[in-house]
Structures are given as structure tokens and as C-alpha cells.
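# Breakdown of the fold
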Amino acid sequence: MQVVTSVAAMQRLAKKWQRTGIKIGLVPTMGYLHAGHLSLVQRARKLVGKNGKVAVSIYVNPTQFGPKEDLSRYPRDLKRDLKLLRDEGTDVVFVPSNAEMYPGRVESARGDGPGGRRRPTSVGFSTYVVEEELSRSMEGASRPGHFRGVGTVVAKLFNITLPDVAVFGAKDFQQAAVIKRMTRDLNFPITIDIAPTFREPDGLAMSSRNKYLDGDLRRQGIILWRAIQRAQAVVKKSPVSAKTLRAELKKLIESEPAPKVDYIEFFNPDTLLPVDKVTRGTQMALAVFVGKARLIDNARL
Ligand code: AMP
């Protein structure tokens, strides 16, 4: 398994593979890997075949974090990640530094939010990718600038690793929709594959941020999955107004001591447009603060 830290070296390798007709599968991650990430690596391997190459990127992308978010304390363990990826048969791990990904970007600048301004500089990093429709609601509304950072880094990773296929998780449902749209709109010749959400035995969606769930918070974290299951049980009986169901689920979630609802949304899975009547087939997504962790989950009802 090769570990590559420079953009130039990664692009050279990818171009060589591309020239010789070898298929490349990319799995972008922020590291601190869990079984959900590894299921994406396994899908990438299936999609490119044994003669193809599986590339995994590990990069905690600063431009997708808001100024008050958890960038500096985001969990990291590169040594462990590399062992897991080697055991999975990964061909190359791309682990760039911030200087490599954003040369000239001013760290402290208030440039990553919407309307954020930065002093013009001839060497600064100043080009971003903004999806303007699907990224407005939910995570985009709660985390201004988040999808601008995601779109930008994923577009860069596409240009650096030249994949034929890239695998993303349904755990981040809106992100997957935004990336699919960006790929289509900007004509990246890449197939986007979406992998199902991997869960702990008790239903908690696997996430690097679950590390923040100390002591009893880990138990309380199950409340997102219980809310989804409650919603599924309700719509199985009959359609229900989004307003009523949202109020019921908020009450359920906040009956535990720690959880505070950020949002609960019901929407069309293709358009992400909110629905007034929740029926079978409606997509539900929610974000909940549990102690220091902000957890998200989603499911088809
Ligand atoms: P992250 O490292 O959290 O940025 O995630 C990297 C990729 O793994 C994204 O495409 C996520 O959607 C995906 N992912 C994260 N958690 C899970 C999970 N529990 N099941 C499936 N995919 C996941």
C-alpha cells in the first residue's frame, strides 16, 4: 500500500493508472476510520475489480468546518487508519497537508462562510465550488459554508485522484445528493456510488464523532435511531402531517437529558424538497446535539 502526501505525486500515479486503462475507485474520508468507512472501501474494490486500484483519502478538510465547530478536536489516528486500510487491500492512501491542499489560504481569514470576505492576495487560494440548490436546507442551513467546503475539496480530490468511481455513504444523505449534482453539473466523468449506512448493533449510526459520546451519552445517542423507528412505525399506519410528526419526535428525543434537536426534516429523497404530508417513501433526516457531539442520521420511511 502506497501512502502519498503530495498532490503532484498522487496525480502522477493516477495518470499512470489511467493511461494504462486501470480503473480507479476513490473513497474520500476524514479518517478515524470505522466499519462504515471500510464498507465503502470494500464497495470500491468490488466496483473496480481485482485489477483496479482503490484509493482512500484521509483529510480533515478545514473549509467545511464553521469557525465554532470541532475542526481542532476532530479525532485522528493515522497509524491505526493505515493498518485498517492495509488489511482491507487498499492500493493507495492520499494524506495531504493543509498547505498541499490550500496553498496560500489564510487560516484565520473569515473566508469560509457565506459572504465571507478575504483581503485580496496574488498567492491566496480563492476558488470554491458552490452547489446552489440541494445544499441550502438542513446541513447547509445549520452549517453555513459547509457544502462549499465539501464541494470544493471533493472536486479537488476528483482532479487529484482521477477516479472512475467514487463511493460515498448514505449516512450523509444530503452530502451524497450534493456531490451527485456537482458531478453531473460540472461533467466530472465519474460514477457516484452511494453505500448504505453502517450501524452499531443498537442502531447508532457509526461516526468518527461518536468518540465524543462519553459515559451515558453513548446510550442517549441511540435516540436518533429510535426516532427514525418511531417515524417508520407511524407512517406505516397512515400518512401524517410533518408538523405533527416533528413535534412528536422532538418530544421523544428531548425526553432524554442530553439531546437537543437541531432539525428534523421530511422531504422527497430525489429533490430534497420538504413535504407537508409524510408518507411511506418520504425521506427523514435529523441532527441532534448530544453533549459535545452533533449527530446526524437519516432513513427512508
Ligand atoms: P467522514 O470521514 O465522516 O467524512 O466520512 C467519509 C465517508 O464515509 C462519507 O462518504 C460518509 O458518508 C461515509 N460514512 C460515514 N459514516 C458512515 C456509516 N456509518 N455508514 C456508511 N458510510 C459512512
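Look up: the structure comes first, before these words.
Just so you know, these numbers come straight off a predicted model, no measurement behind them. (Residues numbered from 1 in each chain as written. Predicted model: local features only at pLDDT ≥ 70, side-chain atom pairs only at ≥ 80, totals over all residues. Heavy atoms only, no water.)

### Points about the sheet that holds strand β6 (residues 191-195)
- What the six strands build is an open sheet, ordered β1-β4-β3-β2-β5-β6; its pairing is parallel. Looking along the sheet, the strands with just one partner apiece sit at the ends: β1 (2-4) and β6. Neighbouring strand axes in the sheet, compared pairwise and without regard to direction, differ in orientation by 25° on average.
- Together, β1, β3 (53-58) and β4 (92-94) form the strand contacts of helix α3 (residues 78-87), whose direction differs from that of β3 by roughly 165°.
- Across the sheet, helix α7 (residues 173-185) lies against β5 (165-169) and β6, angled at about 170° from β6, the strand it touches most. (Pairing = 2+ DSSP bridges. Helix = DSSP H or I, 4+ residues; strand = E, 2+ residues; numbered from the N terminus. Axes fitted to C-alpha atoms, helices over the stretch in contact; angles between N-to-C directions. Contact = heavy atoms within 4.5 Å.)

### Some words on unusual backbone geometry
- Its identity is not glycine, yet Tyr-32 carries a phi of approximately 50°, on the positive side.
- With respect to the element layout, Tyr-32 can be found in the loop between β2 (24-29) and α2 (35-48).
- The backbone of Met-138 shows a phi angle near 45°, a positive value even though the residue is not glycine.

### Description of the side chain of His-146
- Along the polypeptide, His-146 turns up in helix α6 (residues 146-161).
- A relative accessible area of 7% means that His-146 is categorised as buried. (Buried < 20%, exposed > 50% of the residue type's maximum accessible area, 1.4 Å probe, protein only.)

### A word on the sheet that holds strand β11 (residues 293-300)
- Taken in spatial order, the three strands of this open sheet run β8-β10-β11, and their pairing is antiparallel. This sheet does not close on itself; its edge strands, each paired only once, are β8 (260-267) and β11. Averaged over all pairs of adjacent strands, the angle between their axes in this sheet comes to 10°, without regard to strand direction.
- Here strand β10 (residues 283-290) runs beside β11; their pairing, made up of eight bridges, is antiparallel. Counted as the bridge partner of Met-284 is Ala-299 from β11.
- Against the sheet, helix α9 (residues 223-237) makes contact with β10 and β11, and its axis sits at roughly 25° relative to β11, the strand it touches most.

### Brief notes about the nonpolar core
- With 43 residues, the main nonpolar core has Met-10, Phe-94, Met-101, Val-154 and Phe-158 as its most contacted residues.
- Sorting the residues of this core by element identifies α1 (7-19), β2, β4, α6, β5, α7, β8 and β10 as the ones contributing at least two each.
- For Phe-94, the contacting residues outside a window of four places in its chain are Val-4, Thr-5, Ser-6, Val-7, Met-10, Val-56, Ser-57, Ile-58, Met-101, Leu-157 and Ile-160.
- Membership of the second largest hydrophobic core comes to 33 residues, among which are Leu-204, Ile-223, Val-261 and Leu-286. (Core = buried A, V, L, I, M, F, W, Y, C linked by side-chain atoms within 4.5 Å.)

### Considerations on the site of the ligand
- Taken together, 17 residues lie around the ligand, and His-37, Gly-169, Asp-172, Phe-198 and Met-206 are the ones closest in.
- Between Gly-169 and the ligand, the recorded distance is 2.9 Å, taken from a backbone N or O atom to an oxygen atom.
- Note that a nitrogen atom of the ligand is positioned 2.9 Å from one of the backbone N or O atoms of Met-206.
- Compared with its free state, where it exposes 480 Å², the ligand has 92% of that area covered by protein.
- When residues of the shell around the ligand are traced back to their parent elements, those giving at least two are β2, α2 and β5.
- A per-element tally of the shell around the ligand places α2 first, with three residues. (Near = heavy atom within 4 Å. Polar contact = N/O pair within 3.5 Å; in protein donor to acceptor, adjacent residues only side chain to side chain. Areas by Shrake-Rupley, 256 points an atom, 1.4 Å probe, with all protein chains shown as cover.)

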